[in-house]
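Coordinate inspection notes
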Amino acid sequence: MKNIRNFCIIAHIDHGKSTLADRMLDLTQTVTAREAQAQLLDNMDLERERGITIKSHAIQMDYVLNGNPYKFNLIDTPGHVDFSYEVSRSIAACEGALLIVDATQGIQAQTISNLYLALEHDLEIIPILNKIDLPSSNPEEVGDQIIDLIGCEREDILLASAKTGEGVDKILEAIVDRIPAPDGDDDAPLQALIFDSVFNSFRGIEAIFRVKNGTIKKGDRVKFMNTGKEYDADEIGTLKLTKFPQKEIKSGDVGYIISGIKEAKEVKVGDTITTKANPASSAIEGFEEVKPMVFAGIYPVDTEEFEELRASLEKLQLNDASLTFEAETSAALGFGFRCGFLGMLHMEIIQERLEREFNMTVITTVPNVSYYAYTKKDKEQRIIVNNPSDYPDPAILDRIEEPYIKAQIITKSDFVGAVMTLCIEKRGEIVGQTYLTSDRVELTFDMPLAEIVFDFYDRLKTISKGYASFDYHPVGYRQSDLVKVDILLNSEPIDALSALIHRGKSQDIGRKLCMKLRELIPRQQFVIAIQAAIGAKIVARETLSALRKDVTAKCYGGDISRKRKLLEKQKAGKKRMRQLGNVEIPQQAFLAVLKLN
Ligand code: GTP
């Protein structure tokens, strides 16, 4: 155990995490050139991601320093905020972290938020300035930022180029010297933390774990303490580029278990594995049930495909336990599903997978967060509202609460004013402003999560000319003043277009929505009135005039290829349209509220 080192790499996106991991695999000869080649070929079609580490959630390397052999377990952490609970569990499996900062870019939001997670778990931090081969790198100044941030000495900071390999040997030595060996008791009852899982359609779900105490043996009858389910440890082993089956895995080490589990739901990140014969008295702390944060309706474009959509969602859920769905009906769209996602990125991934892997053409409705409503009749009884149409009648409503986040934004001082204006417009409250250097500022806001869903990233990018990084964490619910904005087409309310909006902005958003819909809905043979209503009150109206000409008319019948192109374009545009009454609505219109600016 004293020769094991468990660590992760924390970095902002593109600062060089995968490149450094690959370089360490080369130096420790974990991957021979032939294996690397074969692996890449195997997975080419399935996963287009480059780099070996992305595909492996944990990878073991052998390393020798001064004649002593060491086992390194490099544990991968997901990079996006949508998956921050998983990051925190991966971090809990480590004793140390390599903090990589791109020496041309400096500290960014994800550097900081992941660093805080690592510090919460008392990890030993090894700061590394990467990309020092680039002429634009600025190790002096970025070094100052790191010193300010973690309070280390300048000589603690390692300089490296993951690209050329310079300095990577020193990183390997520092892992041995600075990161503590795991502690734990091989003879205690088994406690192994599940920090990741991998879907394998032939052998079932593989759970990846770190043994905190005890020893897991092949063939053990094991119990997952939070789900309460029992399995046989059919195969256990360690992970290099491929799986290496083992007879036992002792405390401090990392491994995988295969036990014929078919559904991702049964393997929960954060759960504790123990044995039936000698169970641990308690699970490892910090287990959380991951809850979806963003909800949206997903409907088949072709109403006949409802059952097929259900089957596809069920299959997706087998390997993505954080996806939730339940059948719902919309007066406008018919039968579909209300799906829950961890965040907007997760939602996009699921939609993409439905289309690419299952060949489904779907309409996604306006995403919304999950609200808590309380009625006057029972002021303590929480009603969860995941769909604007479940919003209680304002006449009986006592109060409504919405989820809040703590948002961290790092930007250049030039953009502080613009970022603040945006955040305040988004109902944010500034709670902190720290100058990391004279030129870089960290701003912290409390903000409603719903505002992030609505075009926040894009606006932030625009106003900061790309020089702002952003991260957030949920911080609970707060009371809010929301109203339901409904959209009517030719006086017919379209439930799938309703949204819950803060009262102060509702009229303005109603107006902008009507204008946007007028742009997005193609003209048809008749006039369409587009109205926004709050309760019974119409707050905005736009009129879409009737179509006059055939779209090909302007081609004068002359250029045949041009005409064909136009028709094809029209056909493609039709693919994701829904007929509502006699009005045809394209997919973009359902998401119009996300693109109001
Ligand atoms: P994600 O996997 O997208 O999260 O990014 P990452 O942090 O893993 O970064 P990645 O390793 O993909 O590197 C991002 C880019 O920087 C790639 O184009 C690398 O080739 C490049 N890069 C990484 N390290 C270095 C370095 O030391 N020097 C130079 N010049 N480029 C580097």
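Residues numbered from 1 in each chain as written. Predicted model: local features only at pLDDT ≥ 70, side-chain atom pairs only at ≥ 80, totals over all residues. Heavy atoms only, no water.

With 18 residues, helix α12 (residues 503-520) should cover 26 Å at 1.5 Å per step; its first-to-last C-alpha distance of 25 Å lies within 8% of that length. Buried residues of α12: Lys505, Ser506, Ile509, Gly510, Leu513, Cys514, Lys516 and Leu517, and no others. (Helix = DSSP H or I, 4+ residues; strand = E, 2+ residues; numbered from the N terminus. Expected span 1.5 Å × (residues − 1). Buried < 20%, exposed > 50% of the residue type's maximum accessible area, 1.4 Å probe, protein only.)

Bringing the domain arrangement of the protein into the picture now. Per the domain assignment, the segments of the protein are domain 1 (4-178), domain 2 (191-275), domain 3 (294-365), domain 4 (392-480) and domain 5 (484-594). Contact with domain 3, which involves 17 residues of that partner, is made by twelve residues of domain 5. Roughly 1,100 Å² of surface becomes buried between domain 3 and domain 5 when both sides are summed, with 58% attributable to carbon and sulfur atoms. Per-residue buried area on domain 3 facing domain 5 is highest for Ala332, Leu333 and Ile363; these three make up 38% of the total on that side. The interface formed by domain 3 and domain 5 contains three residue pairs in polar contact (both at pLDDT 80 or more). Counting residues per element, the ones that place at least two in the side of domain 3 that touches domain 5 are β17 (294-300), α8 (344-358) and β20 (362-364). Along the lines of polarity and charge, the residues of the side of domain 3 that touches domain 5 split into nine nonpolar, seven polar and one charged. (Domains from an automatic or database assignment. Contact = heavy atoms within 4.5 Å. Buried area = accessible area lost by both parts, 1.4 Å probe. Polar contact = N/O pair within 3.5 Å; in protein donor to acceptor, adjacent residues only side chain to side chain. Nonpolar A, V, L, I, M, F, W, Y, C, P; charged D, E, K, R; others polar.)

On to the site of the ligand, then. Close to the ligand lie 16 residues, the nearest being Lys17, Ser18, Thr19, Asp133 and Ala162. Between the ligand and the protein, one listed contact pairs an oxygen atom with a side-chain N or O atom of Thr19 at 2.5 Å. Relative to its unbound accessible surface of 640 Å², the ligand loses 74% to contact with the protein. A per-element tally of the shell around the ligand places helix α1 (residues 17-27) first, with three residues. Its residues placed into classes, the shell around the ligand shows three nonpolar, seven polar and six charged. (Near = heavy atom within 4 Å. Areas by Shrake-Rupley, 256 points an atom, 1.4 Å probe, with all protein chains shown as cover.)

Read from one edge to the other, the open sheet built from eight strands follows the order β11-β10-β16-β7-β8-β15-β12-β13, with strand pairing classed as antiparallel. Each having just a single partner strand, β11 (230-232) and β13 (243-246) make up the two edges of the open sheet. The sheet shows a mean angle of 40° between the axes of neighbouring strands, direction not considered. Pairing geometry for strand β7 (residues 191-198) and strand β8 (residues 206-213), over seven bridges, is antiparallel. Opposite Ser197, over in β8, you have Ala207 as the bridge partner. (Pairing = 2+ DSSP bridges. Axes fitted to C-alpha atoms, helices over the stretch in contact; angles between N-to-C directions.)

Once that is clear, we can look at the environment of Ala174. Within the secondary structure, Ala174 is located in helix α6 (residues 168-178). Sequence spacing of Ala174 and Met447 is 273 residues, and the spatial spacing of their C-alpha atoms is 40 Å. Discounting chain neighbours no more than four positions away, the residues touching Ala174 are Ile126, Leu158 and Ile179.

Moving on: the UniProt feature "binding site: GTP" (unreviewed entry) in the protein. The residues that UniProt annotates with the feature "binding site: GTP" (unreviewed entry) are Asp14, His15, Gly16, Lys17, Ser18, Thr19, Asn130, Lys131, Ile132 and Asp133. Inspection of the secondary structure puts Thr19 in helix α1. Using a relative accessible area of 33% as the deciding quantity, one classes Thr19 as partly exposed. Not counting chain neighbours up to four residues away, the residues in contact with Thr19 comprise Ala162 and Lys163. Mapping Ile132 onto the fold places it in the loop between β5 (124-130) and α5 (139-150). Setting aside residues no more than four positions away along its own chain, Ile132 makes contact with Ser137, Leu159, Ala160, Ser161 and Glu166. (UniProt positions renumbered as here; feature names shortened; annotations may be inferred.)

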